Amino acid sequence: MEADSPLTNLARAALAGVAPYEPGRPIDDVRRELGIEHVIKLASNEGPYPPAPAALEAMAAAAADVRLYPDSGAWHLRDALSDHLAVPAEWILPGNGVDSLIKLLCLSVLDPGDDLAVCWPSFVSWRQGAAMMGAAIAEAELAPDGSFDLDRLREAIGPRTKLAVVVSPNNPTGAAVGRAALDDFLGTLPEHVLPVIDEAYFEYLPEGGHDAVRYAREGRSIVVMRTFSKAYALAGLRVGYMVAPPSLLGVVSRVRNAFDVNAIAQAAAIASLRDADGVLRERLDEVARERVRVAAGLVSQGLEVLPSTANFVLVRFASPAAAQAVNRALLHRGVIVRPAGPFGAPESLRITIGLPSENDELLAQMAGALVDAAASD
Ligand SMILES: Cc1ncc(COP(=O)(O)O)c(C=O)c1O
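Only a predicted model underlies this, so the values are computations on that prediction, with no experimental measurement involved.

A. Highlighting the overall build of the protein. Looking only at helices and strands, one finds 13 helices and 13 strands in the protein. A globule of 377 residues ought to have a C-alpha radius of gyration of about 21 Å, and the protein, at 21 Å, matches this closely. Dimensions of the protein, computed from the C-alpha atoms along their principal axes, are close to 60 × 50 × 50 Å. Across the 377 residues of the protein, 45% fall into the buried class. Put simply, of all contacts in the protein between residues at least 6 apart along the chain, 73% involve residues at least 24 apart.

Structure representation (structure tokens):
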């Protein structure tokens with residue numbers, strides 16, 4: 001659409017500064033555009049394994065009933081999550097992915113002139129959520145390791161700050177804040193600020209990592225966001241949840257869609273929580289081992305890789321142009337990774353950890369892409 005068309009001009013003033021979300025490129029897209037048959041995608045931090053067999057069975061069973069609307073209150077899913085997390089079901093609100101819950105939270109609490117404090121580079125939806133409401137972003141720098149610098153975040157908080165967001169492990173960098181540091185941060189927040197912990201990659205944290213649901217168990221005013229998209233490999237279904245005091249969930253419920261978590265997603269999420277034989281833990285451990293191997297392989301090619309505790313790593317190049325050249329070369333070699341520009345790191349590429357065979361391919365193709373990119377200089 002023309003930038004100055006009358007329809008564009010209908011947009012609310014707050015949307016002037018909001019760009020649409022740029023997703024990782026789908027495999028078919030790259031196949032079509034570049035005419036390459038074999039393409040792998042390591043761009044959107046999806047889990048590399050299929051969903052749990054029990055989840056696949058539950059999806060098939062739920063499909064038979066899709067003429068009916070789903071349970072709007074997601075009673076069974078909230079009940080299963082309540083058992084899983086040891087928090088009352090009234091403290092849990094499932095949603096159409098965390099991305100949607102972020103928007104709903106912003107829509108329900110931010111007025112123009114308020115602000116949302118967050119470190120940057122980080123997950124872009126938090127900025128979009130604030131911007132779409134005409135709220136300001138109180139931005140703080142990351143710590144050198146790419147994790148949230150909680151002291152700086154604390155300093156960014158002002159009298160109009162309503163939400164202080166901690167993304168940990170952070171996306172696109174992968175580093176997490178420490179448990180004690182998070183405790184201290186929460187202990188020093190002014191009363192008018194609601195802390196929000198985005199734990200989309202929670203399951204990947206090593207033992208001893210933070211578990212922000214713990215604060216909800218203590219009855220504290222906090223919001224925790226988690227998703228079934230990553231560790232549970234249900235990204236295509238769109239299901240996540242927020243844990244927060246019932247009074248806040250009541251406010252968020254005023255703006256949510258009536259049937260925002262579809263029936264198949266609810267069934268799959270419930271089944272995914274039953275990991276009776278410990279397969280999920282084994283797979284998470286394998287991803288962690290592969291992450292160490294991929295990072296070492298990239299470093300041995302002379303690349304700068306940030307420390308990560310999640311299922312992806314961030315590779316930093318000398319300049320945005322250098323990152324773009326390597327990204328192009330990888331695409332031509334059938335490997336889709338994620339340019340981190342929309343997340344505030346234009347000089348970097350974010351690479352999702354895939355299956356061992358995909359990771360081998362990434363490392364081999366990266367070596368070639370670095371040569372191609374240097375030749376195209
Ligand atoms: C930090 C972070 N939060 C939230 C999300 C959104 O997850 P979902 O798939 O549940 O919308 C992502 C997805 O990439 C993420 O990286």
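Now, onward.
B. Highlighting helix α4 (residues 97-109). Here α4 is 13 residues long and its end C-alpha atoms lie 19 Å apart, about the 18 Å a rise of 1.5 Å per residue gives. For α4, a buried count of 10 out of 13 residues is recorded, marking the element as mostly surrounded by other parts of the structure.

C. Spatial organisation of the site of the ligand. Taken together, 13 residues lie near the ligand, and G97, D99, A200, T227 and S229 sit nearest. In terms of residue count, the dominant contributor to the shell around the ligand is α4 (3 residues). Taken together, the residues that form the shell around the ligand break down as 5 nonpolar, 6 polar and 2 charged.

D. Structural detail: the sheet that holds strand β9 (residues 304-305). If you walk across this open sheet you meet the 4 strands as β9-β10-β13-β12, and the pairing is antiparallel. The open sheet has two edge strands with one neighbour each: β9 and β12 (338-339). Sitting on the sheet, helix α11 (residues 279-299) touches β9 and β10 (312-316), and the angle it makes with β10 is about 15 degrees.

E. Up close: the nonpolar core. The biggest cluster of nonpolar side chains holds 113 residues, and the ones touching the most others in it are L116, V165, V224, L234, V243 and A268. A domain split of this core shows at least three residues from each of domain 1 (8-49 + 278-375) and domain 2 (53-273). With residues near it in sequence (within four places) discarded, V224 still touches I197, E199, A212, V213, A216, M242 and V243.

F. Highlighting the environment of Y215. Mapped onto the elements, Y215 comes out in helix α8 (residues 213-217). Its 20 C-beta neighbours within 10 Å are what place Y215 among the buried residues. Placed 88 residues apart in sequence, Y215 and R127 show a C-alpha to C-alpha distance of 25 Å. Excluding residues that lie within four positions of it along the chain, Y215 makes contacts with L186, R220 and I222.

G. Looking closely at helix α3 (residues 75-85). All of the buried residues in α3 are L77, R78, A80, L81 and L85. Across the axial projection of α3, the buried residues extend over an arc of 160 degrees, all falling on one side. In this structure, α3 carries W75 and D83 as exposed residues pointing more than 90 degrees from its buried face. Where the residues of α3 are buried, they touch β2 (92-95), α8, β8 (240-243) and α10 (263-273).

H. Representation of the domain arrangement of the protein within the structure. One can read the domain layout of the protein as domain 1 (8-49 + 278-375) and domain 2 (53-273). For the side of domain 1 that touches domain 2, the elements supplying multiple residues, two or more each, are α11, β10 and β13 (348-352). The biggest single contributor to the side of domain 1 that touches domain 2 is α11, with 4 residues. The residue inventory of the side of domain 1 that touches domain 2, partitioned by class, reads 19 nonpolar, 8 polar and 2 charged.

I. Spotlight on the environment of N359. With respect to the helices and strands, N359 occurs in helix α13 (residues 356-375). Those residues in contact with N359 that sit more than four places away from it in its chain are E290, R293, V294, I353 and G354.

J. Representation of the sheet that holds strand β6 (residues 194-198) within the structure. As summarised here, the arrangement of the 7 strands in space is β2-β8-β7-β6-β5-β3-β4, forming an open sheet in which the pairing is mixed. The open sheet has two edge strands, β2 and β4 (136-141), and neither has a second partner. Neighbour to neighbour, the strand axes of the sheet diverge by 20 degrees on average, direction disregarded. Note: strand β7 (residues 223-227) against β8, 4 bridges, orientation antiparallel. Counterpart to T227 in the pairing with β8 is G240. The strands touched by α3 are β2 and β8; relative to β2, the strand with the most contacts, the crossing angle is about 125 degrees.

K. Examining unusual backbone geometry more closely. Note the cis peptide between W120 and P121, where omega equals 5 degrees. Counting through the fold element by element, P121 comes out in the loop between β3 (115-120) and α5 (124-132). Here the bond from N171 into P172 is cis, since omega is 25 degrees, no more than 30 degrees from zero. Within the chain, A233 stands out as a residue other than glycine whose phi angle is a positive 60 degrees. Residue position: A233 is located in the loop between β7 and β8. Since 21 C-beta atoms lie within 10 Å of it, A233 is described here as buried.

Calculation notes
- Residues numbered from 1 in each chain as written.
- Predicted model: local features only at pLDDT ≥ 70, side-chain atom pairs only at ≥ 80, totals over all residues.
- Helix = DSSP H or I, 4+ residues; strand = E, 2+ residues; numbered from the N terminus.
- Rg over C-alpha atoms; globule rule 2.2 N^0.38 Å.
- Buried ≥ 20, exposed ≤ 12 C-beta atoms within 10 Å, placed from the backbone.
- Contact = placed C-beta atoms within 7 Å.
- Expected span 1.5 Å × (residues − 1).
- Near = placed C-beta within 6 Å.
- Nonpolar A, V, L, I, M, F, W, Y, C, P; charged D, E, K, R; others polar.
- Pairing = 2+ DSSP bridges.
- Axes fitted to C-alpha atoms, helices over the stretch in contact; angles between N-to-C directions.
- Core = buried A, V, L, I, M, F, W, Y, C linked by C-beta atoms within 7 Å.
- Domains from an automatic or database assignment.
- Arc of directions from axis to C-beta.

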